[in-house]
Structure formats: structure tokens, C-alpha cells
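Structural overview for review
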Amino acid sequence: MQLLLCLSKPAQHVKKNPLMAASGSGSIMWFRKGLRIHDNPALEYASKGSDFLYPVFVIDPHYMEPDPKAFSPGSRLAGLNRIRFLLESLKDLDTSLKKLGSRLLISKGEPDKVLIQCLKEWGVKKLCFEHDTEPYYQALDIKVKEYTSAAGIEVFSPVSHTLFNPADIIQRNGGKPPLTYQSFLKLAGQPSWLSSPLLTSISSLPPVGDVGSCEISEVPTIKDLGYGDIEQEWTPFRGGESEALKRLKESVSDKKWVANFEKPKGNPSLFVKPATTVLSPYLKFGCLSSRYFYQCLQDVYKNVQKHTSPPVSLAGQLLWRDFFYTVAFGTPNFDRMKGNKLCKQGARSFFFKKGYRSLISSSFHNIIQDFALRMPSLNVVMIPWNDDDELLAAWREARTGYPWIDAIMVQLRTWGWMHHLARHSVACFLTRGDMFLHWERGRDVFERLLIDSDWAINNGNWLWLSCSSFFYQYNRIYSPISFGKKYDPNGNYIRHFLPVLKDMPKEYIYEPWTAPSGIQRKAKCIVGRDYPKPVVYHDSASKECKRKLAEAYALNQKLNGQLSQEDLDNLRRKLAQDEDPEPKIRRQRRKVGHLT
Ligand code: FAD
């Protein structure tokens, strides 16, 4: 396999230096995210005063190699679109490094083990990598740092993936993450680095040292990773810093557009030229620095008379990103409903109710306060979501029978990117809007298929959309019919992503099951044969969802958010007993109809 091209012949930029280990002038730049040259303080520091620099990326087989059991082509953890995007980003980084007299060293295996082996083999005295707040990287970094501290290796791990350091914000807030965007903004203020220009280019880098017996390869292709010839529609977005900077330039050069950017206004059905920047996959892998993006936006704002502001402005979107990073970092078990200690918030607010406070002795109060300050503070509503693999598969595989929802799910599968409001539509449909399925199941599908899949942002938005946290207005449901129609009455978006409906007249394209049979025949799309009937009836299903959420909210309030598994099970049983039998019966009938 090409991937393990061992460098027994030193590559062009690899220089032999037998004294290197002894002189200790080598350093490793460990790329994980942050796949860029511009605004990369770890790379800058790694190259300073170093005679040799080893830019390393470790391919983790769990993330990259094929898993035939997964529900879509790709590895155990990532869909193939994202893997390809990453490989393109690595290739682009390698090209840029080569222009600077260096190159990217690709190694393969368990990242901590591979890295420690490289550290031993190359005898470097400095290890640099971008700080990462995700639990996966936090755990990885502990293992690596254990080794470096014992071996006396200097570690430099700056925060440059976000605008602010989440730990600083949490500290400023007395040890708890801020719970609202507005309180986050107040705590954050202006980024400290904004007053001085960011380093956006590097003129040269130290050469790569001898790699010894470490197995190093070129950036692999999809085929090298073992995927063979894959026939699938690929995302139109190409990975890499060069592409990111090009996209950024295009976006910010339209000053009027930047100045007037206002989310959630914007058309989710635009796909030839999407209504937003589509910079998220580049920010995810750090091909684009969010700080540089933010600085470019400030430059535009300075040069226009009027511009929008957070939360709706484009800079405001980057602040949403930082907000979710901060809450996620400060919240244990941020990615799940159960075992989420956050529900103890109820207890805290009870203890600190005015009046009650005066009843407890000051020392007891201090203990409670100390306890409360250590508690994470996001309040996750415990909801007895249903578990229904059939419904989940219909949603995931774009078979809900609602063309707006199914078209979005096809865009997810083929492009790995959808507009924010399109994500709202399908997340609401899966959870509190129609299907009443657990947000964690939907989160998993997004996590795999999005090319911008981001642990903090994805979980944060699923918590939001399912009305489990941040946002609690469960009566506001996106209609799978009228919401999309408002933006795209002709259904061009649906026609593109669901070609089976391309000849359906616009009167029926959002509800094809209502089309008379003659029209269906003429459109060459018989509902129930060529395109599914709706798996749920929106009107009755959404009413049921609201009823269930109302009961779940009431119980959470009554028990101060401290629901046991038994409480949840009891509530689930009660909700099932009280369920309106009508939608279930219709579903059964349809199932039978579908089979015959
Ligand atoms: P723009 O509108 O151009 O915004 C610029 C940048 O701001 C984005 O690239 C992104 O980094 C940030 N941003 C924008 N909206 C949000 C937001 N609501 N929360 C946090 N940051 C934001 N975004 C991801 O990057 N990764 C995810 O895994 C992800 N999962 C989501 C899941 C759900 C259920 C929902 C509703 C939204 C999710 N988002 C996610 C947020 C948002 O939809 C995308 O960031 C946005 O659509 C990306 O397109 P863009 O780059 O054109 O955004």
C-alpha cells in the first residue's frame, strides 16, 4: 500500500544530521486540526530557533480506514466526504510546506503511540500543537504530556482554534460556562489579539530532520486508504487552506453583503450559490483561522457606514461558534442527555432562592455555594424520547415522504453541508416536531455525514433544536411543508436533490401524496411506488410531540430537573397510554399498503 512508503531513501527536503538528537535543536509541529500556515502560532513557535522541524500528521485508522459495517461509505467515525476533504486539506498543507522548504510527514497508528515514538526517535526538545478543547484531544494530550514532562520536552500548545480561550471565559465567570449568548458576549469583550496584526504568512521553515526508522509516507489518496473505486456523488467543496482563503476573499470582498448579513434571514434552499459563506468545513479542520476571518470582518465593518451586529451578523456567527465551544468545554457530558449533571441546576436555583438563603447557616451556605460553583450550569431537559429504528432509517435515508425534509437529507449525504435553516428543519422534524426520536440519534448521523462536523457546535445545536437546552419554545415547530415553500415556491431545491420529483407540478411538490393520480402518472412519480408516502402525519404528529414535551417539561420542573431512569420510564409509559391512536393506525395502514 502506498500509504506506508517508508522513507528509506530520504525525500528531497530531508537532511541527515547525526548530531541533531544531541544538539536538541529539533522540534515537532504536530498537526491535528489547524491545517494551515496562516495564523498558526504553534507552527511559528516550532520553527523559531530550531535547526530542524518535523511537521507531522498522524492518520488514526479509526478515523480514516473503511468500516464496511457503517451505514454509509467511510470509516467507523467519519463519512467518506469528510475523509476526502481532510486528505485534500493535508495535500494542500504539504504543498504549502514544500514551498517553504519543508514537507508534511504522514504517519499512521494510534496518535499518542506514534507521536511518542517519533519524539523518542528524533530526540527533539520541543513539541508544538494547537490546543484542542474536545474530550478526545484532551484525553490524548494528557497521555502525550505525561511522556513529554518525564522526558523533559518543552510543550507549546496555544489556543488558536477559537477567538477566545474557553478556559479564560469560564474562569471570568466564576468557574462556570456562561449559559446565554449575551452573557458570553459580555464576559468575552474584544479579543485580546485584535489590536495587533496576525501573522498571516511565513517566508521559510527549517528543514526536516532525519526521520530514522519512523514509518513516514506521502499524503494518501482515498484508494490508498483501502476504499477502492467508490461511485458516489462527492461534495462540491474542496478541502485545504488555499481553497479556504479563496472562499474567504470572495465573501469579504462583497462588503455590502457582509455589512447586511443577517441570520436567520437568508434562503436555505439556495444551492448554486448558497446564502452563507460555506466556510464551516474549513473552520472545522482549521484550514481557515477563525481569528483571521474575524479580523477580515472587522476590516469590512470599519469601512462601511452601517453594518449588522451580533447575534445576527457574520461576526456574530463566529461568536456563536465560540459560545458553543465555551459551554461544551465547561460542561461534562455535554454530548448526552443522561448522566448529565447539569440537571442539578434545579437544586442550585432552589438553594439560592431569596428567602431560603437566609434560613441556612452561613457555613452551610458556603458549602452549598462551593458545591454549586463546581457544578456545570447548563440545564438539560430530560425527555423520554422514543426509540424507533424504522423511523430513524426513513429520516436518515431520505424516505420520510416529505420532499423538503428528504431533499435536505440527500444534500447532507451527497454534499455533507446544508444551510443552517435546513439543518433546523430536519433536526426539528426528527425530534420535537414530528418523530419524537432522541436528538443523540440525529446528532450521530450529522456527526458522521457533515464535512463540517464539529463536536461542540453539533451537540450544542442539537440540544438547542430539540428544545433540550438553550431554547425552550417547543410550540414553535418548523412545518415540513410550508417552511421550505416560503423560500422556494417552485421547489427547485427539491427537484435538484430529489430528481424523482423533478416533473411534479409546483402545486404538489411539497405534498406529492395530494396530487391526483393522473398528475402523478404524468410526473412519472407514483407516490407509494416511486416516492414514499409520509411516514407520519405532520398535523397530528406535531400535536402529539407538543403534548409530550409539555408533560416532560412539567415533570422536569416538578423534580427540579433530577429525573431518575425510573421517572423517565414511567413518563414514557404514561405518554404512550395517552397517545392519540390515530397517527399510529394510519402508519400501520400505510406500512401494509407500502408492502403490497
Ligand atoms: P455562516 O453563516 O457563513 O457562518 C460563519 C461561521 O460561523 C460558520 O462557518 C460557523 O463556524 C459559525 N456558525 C454559524 N452558525 C453557527 C451556529 N448556529 N452555531 C455555531 N457556529 C455557527 N456547524 C458546524 O460548523 N458544525 C456542525 O457540526 C454543526 N452542526 C449543526 C447541527 C444542527 C442541528 C444545526 C441546526 C446547526 C449546526 N451547525 C454546525 C451550525 C450551522 O448550521 C453551520 O455552522 C453553518 O450552517 C455553516 O455554514 P456557513 O459556514 O455557511 O455559515
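Residues numbered from 1 in each chain as written. Predicted model: local features only at pLDDT ≥ 70, side-chain atom pairs only at ≥ 80, totals over all residues. Heavy atoms only, no water.

1. Some details on the site of the ligand
Residues in contact with the ligand amount to 30 residues; listed here are only the nearest, Thr276, Thr277, Val278, His420 and Asp452. At a separation of 3.0 Å, an oxygen atom of the ligand approaches a polar backbone atom of Asp454. For the ligand, the accessible surface in isolation is 820 Å², of which the surrounding protein chains cover 99%. Top element by residues in the shell around the ligand is helix α13 (residues 314-329). It accounts for 6 residues. (Near = heavy atom within 4 Å. Polar contact = N/O pair within 3.5 Å; in protein donor to acceptor, adjacent residues only side chain to side chain. Areas by Shrake-Rupley, 256 points an atom, 1.4 Å probe, with all protein chains shown as cover. Helix = DSSP H or I, 4+ residues; strand = E, 2+ residues; numbered from the N terminus.)

2. Remarks on the pattern of salt bridges
Here the structure, examined in full by the defined rule, presents 34 salt bridges. Among the salt bridges present, the one from Glu88 reaches Arg84, with a minimum N-O distance of 3.5 Å. On the criterion of helical spacing, the pair formed by Glu88 and Arg84 is a turn pair, its members being 4 residues apart in helix α4 (residues 80-99). Each member of the pair Glu88 and Arg84 is classed as buried. A salt bridge links Lys502 to Asp503, with the nearest nitrogen and oxygen atoms 3.4 Å apart. Among the residues examined, Asp503 registers a relative accessible area of 38% and is labelled partly exposed. (Salt bridge = Lys/Arg side-chain N within 4 Å of Asp/Glu carboxyl O. Buried < 20%, exposed > 50% of the residue type's maximum accessible area, 1.4 Å probe, protein only.)

3. As for the packing of helix α19 (residues 420-433) against helix α25 (residues 538-558)
Interhelical geometry of α19 versus α25 gives an angle of 60° and a closest axis separation of 10 Å. Viewed along their axes, α19 and α25 adopt a mutual orientation that is oblique. Packed against α19, whose contacting residues are Thr431, Arg432 and Gly433, the element α25 presents Ala541, Ser542, Cys545 and Leu549 at the interface. Counted by class, the contact of α19 with α25 contains 3 nonpolar, 3 polar and 1 charged residues. (Axes fitted to C-alpha atoms, helices over the stretch in contact; angles between N-to-C directions. Parallel < 35°, antiparallel > 145°, perpendicular 65-115°, else oblique. Contact = heavy atoms within 4.5 Å. Nonpolar A, V, L, I, M, F, W, Y, C, P; charged D, E, K, R; others polar.)

4. Observations regarding the side chain of Gln317
Relative to the assigned elements, Gln317 resides in helix α13. Relative accessible area serves as the criterion here: at 18%, Gln317 is assigned to the buried category. Looking at Gln317, its side chain comes within polar contact range of the side chain of Lys263, at 3.3 Å. With near-sequence residues (within four places) excluded, Gln317 lies in contact with Phe261, Lys263, Pro311 and Val312.

5. A short note on the UniProt feature "site: Electron transfer via tryptophanyl radical" (unreviewed entry) in the protein
Mapped onto this numbering, the UniProt entry gives "site: Electron transfer via tryptophanyl radical" (unreviewed entry) at Trp385, Trp439 and Trp462. For this annotated set, covering 78 residues, all C-alpha atoms fall within 13.7 Å of each other, a compact arrangement in space. Within the secondary structure, Trp439 sits in helix α20 (residues 439-449). In this structure Trp439 comes out as buried when scored by relative accessible area, which is 0%. Beyond its immediate chain neighbours, meaning those up to four positions away, Trp439 contacts Phe334, Asp335, Arg336, Met337, Trp385, Thr431, Asn459, Trp462, Leu463, Ser466 and Ser468. (UniProt positions renumbered as here; feature names shortened; annotations may be inferred.)

6. Remarks on the environment of Ser289
Mapped onto the elements of the fold, Ser289 is located in the loop between α11 (280-284) and α12 (290-302). Placed 253 residues apart in sequence, Ser289 and Arg36 show a C-alpha to C-alpha distance of 7.9 Å. The contacts of Ser289, once residues within four sequence positions are left out, are Arg36, His38, Asp39 and Leu283. For Ser289, the side chain forms a polar contact with the main-chain nitrogen of Arg291, separated by 3.1 Å. Reaching out from Ser289, the side chain makes a polar contact with the backbone nitrogen of Tyr292 at a distance of 2.9 Å.

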